[in-house]
Amino acid sequence: MPTLTLYDAVGAALTEEMRRDHNVIAFGEGIATKRHELVDEFGALRVRNTPLAEGIIAGTAVGAAAMGLRPVVDLLFAPFLCYAMDELVNSAGKLRYLSGGQFSFPLVTLAMTGAGWGVGAQHNHNVEAWFVHSPGLKVVMPSTPADTKALLKTAIRDDNPVLFFLDIGLLYQPGEVPAGEHLLALGQAAIVREGRDVTLVSYGKTVHHCQQAADQLASQGIAAEVIDLRSLKPLDEATILGSVRKTGRLVVVHEANRLCGIGAEIAALVAEHAFADLKAPIVRQGGPDAPVAASYPLEQASVPSAEAITDAARRLCST
Amino acid sequence: MPTLTLYDAVGAALTEEMRRDHNVIAFGEGIATKRHELVDEFGALRVRNTPLAEGIIAGTAVGAAAMGLRPVVDLLFAPFLCYAMDELVNSAGKLRYLSGGQFSFPLVTLAMTGAGWGVGAQHNHNVEAWFVHSPGLKVVMPSTPADTKALLKTAIRDDNPVLFFLDIGLLYQPGEVPAGEHLLALGQAAIVREGRDVTLVSYGKTVHHCQQAADQLASQGIAAEVIDLRSLKPLDEATILGSVRKTGRLVVVHEANRLCGIGAEIAALVAEHAFADLKAPIVRQGGPDAPVAASYPLEQASVPSAEAITDAARRLCST
Amino acid sequence: MTPKPPANNPQQLLEQMLLIRAYEEAIVNGSAAGRMPGTCTSVGQEAAAVGVVNALAAEDLILTNHRSAGHLLARGADPGRLLAEVMGRRDGYCKGKSGSLHISAKELGVVLTSTIVGAELSMAPGVALAQSMLGRPGIVVCFFGDGAACEGSFHESLNLAALWNLPILYVCENNHWQAFVHRREAMSREHVAEWATGYGIPARTVDGNDVFAVLEAAQAAAAQVRESGRPCLLETTTYRTRGHLEPDDQGYVDKAELANWLARDPITTSRARLLADGLLSQAQAAAMADEVASRIAVAQAFAEASPFPAADELTRDAYA
Amino acid sequence: MTPKPPANNPQQLLEQMLLIRAYEEAIVNGSAAGRMPGTCTSVGQEAAAVGVVNALAAEDLILTNHRSAGHLLARGADPGRLLAEVMGRRDGYCKGKSGSLHISAKELGVVLTSTIVGAELSMAPGVALAQSMLGRPGIVVCFFGDGAACEGSFHESLNLAALWNLPILYVCENNHWQAFVHRREAMSREHVAEWATGYGIPARTVDGNDVFAVLEAAQAAAAQVRESGRPCLLETTTYRTRGHLEPDDQGYVDKAELANWLARDPITTSRARLLADGLLSQAQAAAMADEVASRIAVAQAFAEASPFPAADELTRDAYA
Ligand SMILES: Cc1ncc(C[n+]2csc(CCOP(=O)(O)OP(=O)(O)O)c2C)c(N)n1
Ligand SMILES: Cc1ncc(C[n+]2csc(CCOP(=O)(O)OP(=O)(O)O)c2C)c(N)n1
Ligand SMILES: [Mg+2]
Ligand SMILES: [Mg+2]
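Residues numbered from 1 in each chain as written. Chains lettered and ligands numbered in written order. Predicted model: local features only at pLDDT ≥ 70, side-chain atom pairs only at ≥ 80, totals over all residues. Heavy atoms only, no water.

1. Regarding the overall build of chain A
Then step 1. Within chain A, the secondary structure is distributed over 13 helices and 14 strands.
Then step 2. Overall size of chain A, expressed as C-alpha extent along the three principal axes, is 60 × 40 × 40 Å.
Then step 3. Within the span of chain A, comprising 319 residues, buried residues form 75% of the whole.
Then step 4. Within chain A, contacts between residues separated by at least 24 positions form 80% of all contacts whose residues are at least 6 apart in sequence. (Helix = DSSP H or I, 4+ residues; strand = E, 2+ residues; numbered from the N terminus. Buried < 20%, exposed > 50% of the residue type's maximum accessible area, 1.4 Å probe, protein only. Contact = heavy atoms within 4.5 Å.)

2. Remarks on helix α11 (residues 282-305) of chain C
Residue and element names in this part refer to chain C.
Then step 1. Helix length check: α11 (24 residues) gives 35 Å between terminal C-alpha atoms against 34 Å at 1.5 Å per residue, within 8%.
Then step 2. Ala285, Met288, Val292, Ile296, Ala299, Gln300 and Ala303 are the residues of α11 that are buried.
Then step 3. Packing partners of the buried residues in α11 comprise α1 (10-32), α4 (79-86) and α10 (266-276). (Expected span 1.5 Å × (residues − 1).)

3. Re the site of ligand 1
Then step 1. For ligand 1, the set of nearby residues contains 21 residues, the closest of which are Glu54 of chain B together with His66, Gly147, Asn175 and Trp177 of chain C.
Then step 2. One chain alone does not account for the residues near ligand 1; they come from chains B and C.
Then step 3. Across the complex, the protein chains shield 97% of the 580 Å² of accessible surface that ligand 1 would expose by itself.
Then step 4. Residues of the shell around ligand 1, tallied by class, amount to 8 nonpolar, 8 polar and 5 charged. (Near = heavy atom within 4 Å. Areas by Shrake-Rupley, 256 points an atom, 1.4 Å probe, with all protein chains shown as cover. Nonpolar A, V, L, I, M, F, W, Y, C, P; charged D, E, K, R; others polar.)

4. What to know about the pairing of strand β10 (residues 198-202) of chain B
Residue and element names in this part refer to chain B.
Then step 1. Most of β10 is tucked away, with 5 of its 5 residues classed as buried.
Then step 2. Both faces of β10 are covered, namely the face carrying Val198, Leu200 and Ser202 and the face carrying Thr199 and Val201.
Then step 3. In terms of strand pairing, β10 meets strand β11 (residues 224-228) through 5 bridges, oriented parallel. Looking at β11, one finds that Val201 is bridged to Ile227.
Then step 4. Each parallel crossover has a hand, and the one from β10 via helix α9 (residues 205-219) to β11 is right-handed.
Then step 5. Bridge count for β10 against strand β13 (residues 250-257) is 3 bridges, and the pairing is parallel. (Pairing = 2+ DSSP bridges. Right-handed = clockwise from strand over helix to strand, strands pointing away.)

5. Focus: the interface of chain B and chain A
Then step 1. Taken residue by residue, the interface counts 54 residues in chain B and 54 residues in chain A.
Then step 2. In this assembly, chain B packs against chain A so that about 4600 Å² is buried in total across both faces, 63% of it on carbon and sulfur atoms.
Then step 3. The largest per-residue losses of area from chain B upon contact with chain A belong to His133, Cys260 and Phe275 of chain B, which jointly make up 17% of the total buried on that side.
Then step 4. Put simply, chain B and chain A have 6 salt bridges between them. (Buried area = accessible area lost by both parts, 1.4 Å probe. Salt bridge = Lys/Arg side-chain N within 4 Å of Asp/Glu carboxyl O.)

6. Thoughts on the coordination of the magnesium ion (ligand 4)
Residues and elements named next belong to chain D.
Then step 1. Donor atoms from the polypeptide that bind the magnesium ion (ligand 4) are Asp146 (OD), Asn175 (OD1) and Trp177 (O), placed at 2.0 to 2.1 Å.
Then step 2. Here the donor residues of the magnesium ion (ligand 4) are spaced in sequence according to D-x28-N-x1-W. Here Asn175 lies in the loop between β3 (168-174) and β4 (177-178) and Asp146 lies in the loop between β2 (140-145) and α6 (152-163), a separation of 29 residues in the sequence.
Then step 3. Given the relative accessible area of 1%, Asp146 is considered buried.
Then step 4. Overall, the relative accessible area of 5% leaves Asn175 in the buried class. (Donors = N, O, S within 2.8 Å, 3.2 Å for Na, K, Ca; no water.)

7. Remarks on the interface of chain A and chain D
Then step 1. Contacts between the two partners involve 27 residues from chain A and, on the opposite side, 33 residues from chain D.
Then step 2. Of the roughly 2200 Å² buried between chain A and chain D, counting both surfaces, carbon and sulfur atoms make up 66%.
Then step 3. Seen at the junction of chain A and chain D, the total is 0 salt bridges.
Then step 4. Joining chain A to chain D, the criterion identifies 9 residue pairs in polar contact (both at pLDDT 80 or more).
Then step 5. Counting residues per element, the ones that place at least two in the side of chain A that touches chain D are α2 (31-34) and α12 (296-301) of chain A.
Then step 6. Looking at which element gives the most residues to the side of chain A that touches chain D, the answer is α12 of chain A, with 3 residues.
Then step 7. For the side of chain A that touches chain D, the class distribution of residues is 14 nonpolar, 9 polar and 4 charged. (Polar contact = N/O pair within 3.5 Å; in protein donor to acceptor, adjacent residues only side chain to side chain.)

8. Quick look at the coordination of the magnesium ion (ligand 3)
Residue and element names in this part refer to chain C.
Then step 1. For the magnesium ion (ligand 3), the full set of protein donor atoms is Asp146 (OD), Asn175 (OD1) and Trp177 (O), and the range of their distances to it is 2.1 Å.
Then step 2. Along the chain, the residues donating to the magnesium ion (ligand 3) fall in the pattern D-x28-N-x1-W. With respect to class, Asn175 is no different from Trp177; both count as buried.

9. Overview of the site of ligand 2
Then step 1. Near ligand 2 there are 21 residues, and of these Glu54 of chain A together with His66, Thr115, Gly147 and Asn175 of chain D occur at the shortest range.
Then step 2. Mapping the residues near ligand 2 onto chains gives chains A and D.
Then step 3. Within the backbone of Thr115 of chain D, an N or O atom sits 2.8 Å from a nitrogen atom of ligand 2.
Then step 4. Measuring from an oxygen atom of ligand 2, one finds a side-chain N or O atom of Asn175 of chain D at 2.8 Å.
Then step 5. Out of a free accessible area of 580 Å², ligand 2 has 97% covered by protein chains.
Then step 6. Of the residues that constitute the shell around ligand 2, the class distribution is 8 nonpolar, 8 polar and 5 charged.

10. Remarks on the domain arrangement of chain A
Residue and element names in this part refer to chain A.
Then step 1. Along its sequence, chain A is organised into domain 1 (3-176) and domain 2 (190-317).
Then step 2. On a C-alpha basis, the centres of domain 1 and domain 2 stand 26 Å from each other.
Then step 3. At the interface, 29 residues of domain 1 touch 22 residues of domain 2.
Then step 4. It is Val132, Met141 and Ser143 that lose the most area in domain 1 upon contact with domain 2, and together they represent 23% of the buried surface on that side.
Then step 5. For the pair domain 1 and domain 2, the number of links is 2 salt bridges.
Then step 6. Between Asp167 and Lys205 there is a salt bridge, with the nearest N and O atoms lying 2.9 Å from each other.
Then step 7. Across the contact surface, domain 1 and domain 2 share 15 residue pairs in polar contact (both at pLDDT 80 or more).
Then step 8. When contributions to the side of domain 1 that touches domain 2 are tallied by element, the ones reaching two or more residues are α7 (128-133), β6 (138-140) and α8 (145-157).
Then step 9. The residue inventory of the side of domain 1 that touches domain 2, partitioned by class, reads 15 nonpolar, 10 polar and 4 charged. (Domains from an automatic or database assignment.)

11. Quick word on the side chain of Ser143 of chain B
Residues and elements named next belong to chain B.
Then step 1. Here Ser143 lies in the loop between β6 (138-140) and α8 (145-157).
Then step 2. Residue Ser143 is classed as buried on the basis of its relative accessible area of 4%.
Then step 3. In this structure the side chain of Ser143 is engaged in a polar contact, spanning 2.5 Å, whose partner is the side chain of Asp228.
Then step 4. The contacts of Ser143, once residues within four sequence positions are left out, are Leu170, Gly204, Val207, His208 and Asp228.

12. A short note on the sheet that holds strand β3 (residues 168-174) of chain C
Strand pairing in a sheet relies on backbone hydrogen bonds, with the paired strands running either antiparallel or parallel.
All names here are of chain C.
Then step 1. The sheet built from 5 strands is open, its strands ordered β1-β2-β3-β7-β6 with parallel pairing. Two strands lie at the open edges of the sheet, namely β1 (61-63) and β6 (203-207), each paired on one side alone. The average angle at which neighbouring strand axes cross in this sheet is 20°, direction not considered.
Then step 2. Of the pairings in the sheet, the one linking β1 to strand β2 (residues 140-145) comprises 3 bridges and is parallel in character. (Axes fitted to C-alpha atoms, helices over the stretch in contact; angles between N-to-C directions.)

13. Notes on the relation of the copies chain B and chain A
Each of the two chain copies goes to the other by way of a rotation about an axis and a shift along it.
Then step 1. By a simple turn and slide, chain B fits onto chain A: the slide is 0.0 Å along the axis, the RMSD is 0.0 Å, and the turn is 180°. Expressed as a symmetry operation, the mapping of one chain copy onto the other fits a two-fold axis.
Then step 2. When the interface residues of chain B are mapped onto chain A, 100% of them again lie at the interface, so the same face is used by both copies. (Least-squares fit on C-alpha atoms with pLDDT ≥ 70 in both.)

14. Comments concerning the packing of helix α4 (residues 54-66) of chain B against helix α5 (residues 85-92) of chain B
Residues and elements named next belong to chain B.
Then step 1. In contact at an axis separation of 7 Å, α4 and α5 are set at 25° when each is read in the N-to-C sense. When the axis of α4 is compared with that of α5, the two are roughly parallel. Packed against α4, whose contacting residues are Gly55, Ala58, Gly59 and Val62, the element α5 presents Glu87, Leu88, Ser91 and Ala92 at the interface.
Then step 2. Of the residues belonging to the contact of α4 with α5, the class tally is 4 nonpolar, 3 polar and 1 charged. (Parallel < 35°, antiparallel > 145°, perpendicular 65-115°, else oblique.)

This is how it looks when you write it as structure tokens:
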């Protein structure tokens, strides 16, 4: 199998989808420079650099999507989505419904997020939960290059606006990516490791921390099941609930702020629908209610570690 | 006790705080027109109309707060906060931390939210959870005129940015407001009705729906405890956990989208820290994952009703 | 239903303005009586809407905002379906989900109406981009207020449209008010057109209460957009003669300023001109008023008879 | 520590530029060697920073952005504390929490630095409002790039500053690049100053590579802001001669354009001019270079010796 970084998996998905459908276009602050091969293949009209103005980039994508194009826009870092909230939330997310279904908005926004580059809270802020909370939007955050390519291809074909988050810490890590056409439905979690004692649910880079924790737990005789959500909306409730009904124990892990994060949603879901099978309290591991510092050790400390996950799971299994 | 609407309670709090501290200023799209008595008393420099531009209103508040003023800005309807997300989240919420504590941001944003006026999803969208999820910000949403006045006075004195949400459906409902200086600490929930069988937690207009539900439940022999959160960050975890430890049953209710809402946070909190005392699954009642329509019956259907709350609580108590 | 062809005589322009006025008055009366919700009416601004819309071709696309009745009716919208929408009924253009504030009617080429002030400006470049990339002929007309011009999206939109050569006719309806704020409390300049020139976009200001002048200016501007494939801006200077949102006592409005503009009411002045020029008789004028009144009466009956949306509409169309 | 008094001779301007260059090169080398993080350097833009900052009084306030080393050093920042901040160490100006991208130094009057492009523009009016409402004397200088000028906050900020008579000197450093996008791919006009005139704000463009010209223009503009109490805009035309963020191979940069600007390096040209005018001897120039090199060496040693923040800094200062 060919090996690609997550960054290149994005490029591969874009290339394949732009070949397949000439209505797919891409623009953003530097995409034509950084992915110049796309300009070479598809021309300067379909792949464009833009002014430094996230609002109009997103707004242009919304208008174009409603009228028949399928834009993919690169908004660089997740905190910059703050400048595009009206366009994404109030326009893309609501104008289909408010118009009684007259329009659809097949558009994808790319944004990088998370620890790894020591760039501080104005570049590193995990805001995916905002968009899960907002109607009319789908949200994806993969943990491997293979999933990135498959999910991005599906997102581009989806008729709804999809917020597609790329974990900065994973961006240049290589991984095997099946050659040719592979798609993954949005809303399908992956059980990346099976186990019967405790369920670890995560997405993005902390999936790997969960896998390391599962290794550590295995050596202590605890069989952890690890779930990679991959898409945050739609959320694969069945896989989560099925796993917790089996194991009776749940640790939810993510880098984003704990408060009102995806972990809260999953904990609530389980406390509502798998309560009878729960053998122990649910545990959430997430970022603190503080911005992320640029300083390396503080940045690293803001991310749940394999050790902390292991400890939490072990404590749960002893109750 | 004098009787005021929630709208007038805001005016009373502004008047008292502007008298007390000449650094308190107020501006926004029409505040000088709609609250002209403030201009009469405090002058056109301290109370200003602004251009129609939420970003610069919020940004100006951020800059002014950092340099010694205490701005209160009226951003009208909650969805318009989308145009001020950068200023509120990236600047007000983060620049204290990122600067190593060099600045503080004593500012209050007012925004109306919720069903009641049939204005549709671009005016009626409950986004308070976004700001709970974002670091450095406090979030308040009162359910009575008295609490509104007391909490707004405290919010104006707080050295952090406070997002202050006004429930549209409650805005012109009168209520008793104690005369003179009354303050309420942020982060203190109110137990508005005591009960031992089930805990109903809410904020904003659905507190009243919970109270109606509690009446209905009482007539069926079920004693519901009703908690009005009042402030969503800081969250009064102790009061919530104390109540659920007593009753063993929890229904969380709000108008905002269920997914990653405050209800998710509270359910997760309880599933983590009061698991042993839970006698039944947690139930969340919240808005659907859809924009809110303007059409009256659809708008009303988007808000959890007293009947639905009663049903949910009764089912819980029979398990 | 398709867009109405442009008026081919001045009487039709007057009739459209009368229809808009009668429509708005039906809502004003209905909401005063508690039968209808309040709306942002375009009373006093009819000429600005009618003059521009009648300069357009059927294939042109329109983006508008919360104060849209004039644009929609001039484009040929059915007043019955509009009123049904305002009342949240299922026969409305948006199945009752929009209410008055964000009425889109794709079949009429009125697309992506948003009540977020400034959103029309942010979406217009994308609509125009699709038109040009998909090889469609129509230009894009973006109606926005003097208030919207104060939002950052104005700057971002004009810069991008100029840079990417997008066929957009920006039409700023400068009605002196931004809800409860007078434009002089909000704008560093008198005219939005002064801002536009900074982008190298041809910009012109026209008396927005003179329907004939607006029509001529809009025809010229639309032709320029069509030929150059580049944006132009037209500012129609007019006045919001009722309040921001019904009911509104206008206590904050300068009485002399309002009286001045009321004296220049676009309907009164254009009717007087047609009568003076012998293009309309008193009898024709009376017949026109009757015709309009009866259309609105029919429309109102239709809207009132339309049911509310079914319960399962609560979440339908949230996702495609 | 307080702001440095303005230079009172041309040699000091040169020395400041040399210090900035040496500081940036220390980071370039350190990051190439893996000892330091990459930063957005201001190499090639030293004259624009030094010329403006030396036109200011101690009580004036500065807002800057991600490319701030020149502004901070010209204002008298300690290069040791700056480097400590870049390296995330506790002796940095922001206790290591900022890193290179948002360094504020309130004691120097450098406030509210944000790496969100356009945020400086959105906060400047509030800073100026506080200055004027609290009766403080200093004006506010807001540095921003040609990229920031494309954000909507540019429009909103300039309109408000003009409308409210806020004492802001807007300084646009037009360095031809917006990260990986050339300004001609992003701006409908050549100059940001062309946009400013639309607001009735006096605007001027100056050769940003000529430190003496920048100083003179900035002195005039600052004086105008001080006297009128109203905003002015100064655009310094310059060039980002290294990449956007170290390391950057600049493969996307037009070689001829870059060569042209490198030939107009602000340090080389001003040094040559001082030598030619007899205001500097070769020996003095060499001594200056040595002095600067040793200051940077000391700074680097200081920064490297500074520890990382303690673990309890993780959440400290999230709330007041
Ligand atoms: C982003 C945003 N801010 C504020 C409002 C509230 N609001 C609705 S209409 C209006 C005034 C708009 O003024 P203008 O753009 O001049 O249009 P006009 O109403 O005068 O036609 C305001 C403030 C809104 N809908 N959206
Ligand atoms: C809102 C926002 N969008 C994008 C970025 C990423 N970014 C950082 S600097 C930069 C270029 C800024 O260009 P300009 O304003 O001209 O300043 P320069 O870097 O040239 O000094 C970009 C795109 C950002 N930090 N903030
Ligand atoms: Mg207006
Ligand atoms: Mg630049």
